[in-house]
Amino acid sequence: MKKKLSKMLILSVMFTFILSLTACGEEEELNYEVNKETMQNYTRELIMKYYNTSEMEQDFYLTDGDELDKTAVAGFLASETTDHVGEFVGFEVGEGSVEFSNGTDGKVVCSQICNYQNRNVKVSISYKQNKAFEIDKEKTYNKLVEQAAQYGVDVTDYVTQMYSSYPELDMSSMDKFLDSYLAEGYGERPYEAIDCEVSAIYSKKELIGQAGKNTAIGMGVVFSVLIFISFIISLLKYLPLLFDAEIRRSRAAKKAAEAEAKKKTEELIIGSRTDAVKKASDSDNAAAAATDKVENKSAAPSADKDLMNDKELVAVITAAVYAASAGAARGPAYTASNDKLVVRSIRRAR
């Protein structure tokens, strides 16, 4: 059972693959039925009409012409000036020289490859179906039948005798004769040309190189603009200074006040240091005098005198300690001694 299922699965996959290949090989069904040979010939006629126009014709087509005139003339001018294709040589022949595809809004596009001096050019013309053409074609045929009946001949013999001398008419069949007769005599065809697209054919290598150049140019322009915008934004902070004189005056006054305050602070610091030095000098002298006095008194102390009650001695010792502390400091007046000595109390030594 499993083997049968496997075989069925393999056969179904192969069948699907074959169908897909068959569908890929089929041509695309066009939006409406066309005579490809007739459409190709009409496309070549239009190319010969527009590819080499004079300045007067170009001015007329580009200003007062219809959509086909404008797009065709503009396309051929761009291929000559921008793509530098050179002189027109002829039409490409063989396989791939012409293509038929569907366009937008029910149009059919005929693309013809043209040989130019420097590179090939692809010309694509979009056609819309002329539904009134079949009606006019039938009326023309009936009129020819009536004229042939007047002479008592068949319509085919009548057409051959009357129009065989005109080389622009196709006498290979009645259908082709009517198509060429309406086209040459009345300018009417089974399809109407709407617009034209002309594009030079580049190799893949050229396209990749051009894409790289365009990318580099685009990125360079973007970064240049961003740098310029950043520079402009950085200058916005100076706009108030340029347009507001009051702000400039207030900033100048603020700077002057800051400078004055700084100057006064420096003067106060210098004065404080000078006073501290002066006090230290006086304290040193007082300490020396106090030391001498202490020594004189300690040389012959009274046995029954209480030193703790000697206020003068306590004041002298305190002054000596303060003088030592102040004398050791060489910084501002509010700093302590360099050896971090702090006097908390004075007690009698035993």
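Scroll up a little and you will see the structure.
Let me sum up the structure you'll find in this document.

Rules used throughout
Residues numbered from 1 in each chain as written. Predicted model: local features only at pLDDT ≥ 70, side-chain atom pairs only at ≥ 80, totals over all residues. Heavy atoms only, no water. Disulfide = S-S within 2.5 Å. Core = buried A, V, L, I, M, F, W, Y, C linked by side-chain atoms within 4.5 Å. Buried < 20%, exposed > 50% of the residue type's maximum accessible area, 1.4 Å probe, protein only. Helix = DSSP H or I, 4+ residues; strand = E, 2+ residues; numbered from the N terminus. Contact = heavy atoms within 4.5 Å. Pairing = 2+ DSSP bridges. Axes fitted to C-alpha atoms, helices over the stretch in contact; angles between N-to-C directions. Parallel < 35°, antiparallel > 145°, perpendicular 65-115°, else oblique. Salt bridge = Lys/Arg side-chain N within 4 Å of Asp/Glu carboxyl O. Polar contact = N/O pair within 3.5 Å; in protein donor to acceptor, adjacent residues only side chain to side chain.

**Digging into the state of the cysteines**
Line of reasoning, step 1. Taken as a whole and assessed by the stated rule, the structure comprises zero disulfides.
Line of reasoning, step 2. Its sulfur unpaired, C114 is 9.2 Å from the next cysteine sulfur, which belongs to C196.

**A short note on the nonpolar core**
Line of reasoning, step 1. Counting 29 residues, the largest nonpolar core has M39, L46, Y50, V123, I125 and Y127 as the members making the most contacts within it.
Line of reasoning, step 2. At the level of elements, α2 (36-50), α4 (67-81), β3 (108-116), β4 (121-129) and β5 (191-200) are the ones that each hand at least two residues to this core.
Line of reasoning, step 3. Beyond its immediate stretch of four places on either side in the chain, Y50 contacts Y61, L68, D69, A72, V73 and F76.
Line of reasoning, step 4. Core analysis: the second largest hydrophobic core is formed by ten residues, Y158, L169, F177 and Y181 among them.

**So, unusual backbone geometry**
Line of reasoning, step 1. The phi dihedral of H84 is positive, around 50°, even though this residue is not glycine.
Line of reasoning, step 2. Its location among the elements puts H84 in the loop between α4 and β1 (88-91).
Line of reasoning, step 3. Here D105, not a glycine, exhibits a phi torsion of approximately 55°, which is positive.
Line of reasoning, step 4. Residue position: D105 is located in the loop between β2 (98-102) and β3.

**Notes on the environment of L62**
Line of reasoning, step 1. With respect to the secondary-structure elements, L62 resides in helix α3 (residues 55-64).
Line of reasoning, step 2. Among the residues examined, L62 registers a relative accessible area of 38% and is labelled partly exposed.
Line of reasoning, step 3. C-alpha separation for the pair L62 and A72, spaced ten residues apart in sequence, amounts to 9.4 Å.
Line of reasoning, step 4. Contact partners of L62, with chain neighbours within four places excluded, come to K70, V73, A74 and L77.

**Comments concerning the pairing of β4**
Line of reasoning, step 1. Here β3 pairs with β4 via seven bridges, running antiparallel. Its bridge partner lying in β4, Q112 is registered against V123.
Line of reasoning, step 2. Between β3 and the antiparallel strand that follows it, β4, lie four residues.
Line of reasoning, step 3. Sheet topology note: the β4/β5 ladder contains nine bridges and is antiparallel. Opposite K122, over in β5, you have S199 as the bridge partner.

**Some thoughts on the packing of helix α5 (residues 132-151) against helix α7 (residues 174-186)**
Between two packed helices, both the angle of their axes relative to each other and the distance between the axes serve to describe the pair.
Line of reasoning, step 1. The interhelical angle for the contact between α5 and α7, taken along N-to-C directions, is 110°, at an axis separation of 10 Å. Here α5 is positioned roughly perpendicular relative to α7, judged by the angle of their axes. For the pair formed by α5 and α7, the contact residues are F133, D136, K137, T140, Y141 and L144 on the first element and M174, D175, F177, L178, D179, Y181 and L182 on the second.

**Focus: the pattern of salt bridges**
Line of reasoning, step 1. Evaluated as defined, the whole model comprises seven salt bridges.
Line of reasoning, step 2. Note that D175 and K137 form a salt bridge whose closest N and O atoms lie 2.2 Å from each other. Of this pair, D175 sits in helix α7 while K137 sits in helix α5, and the two are 38 residues apart along the sequence.
Line of reasoning, step 3. Relative accessible area serves as the criterion here: at 9%, K137 is assigned to the buried category.
Line of reasoning, step 4. In this structure, a network of salt bridges that share partners links the residues K137, D175 and D179.

**Quick notes on the side chain of D179**
Line of reasoning, step 1. Mapping D179 onto the fold places it in helix α7.
Line of reasoning, step 2. In this structure the side chain of D179 is engaged in a polar contact, spanning 3.2 Å, whose partner is the side chain of K137.
Line of reasoning, step 3. Beyond its immediate stretch of four places on either side in the chain, D179 contacts F133, K137 and E188.

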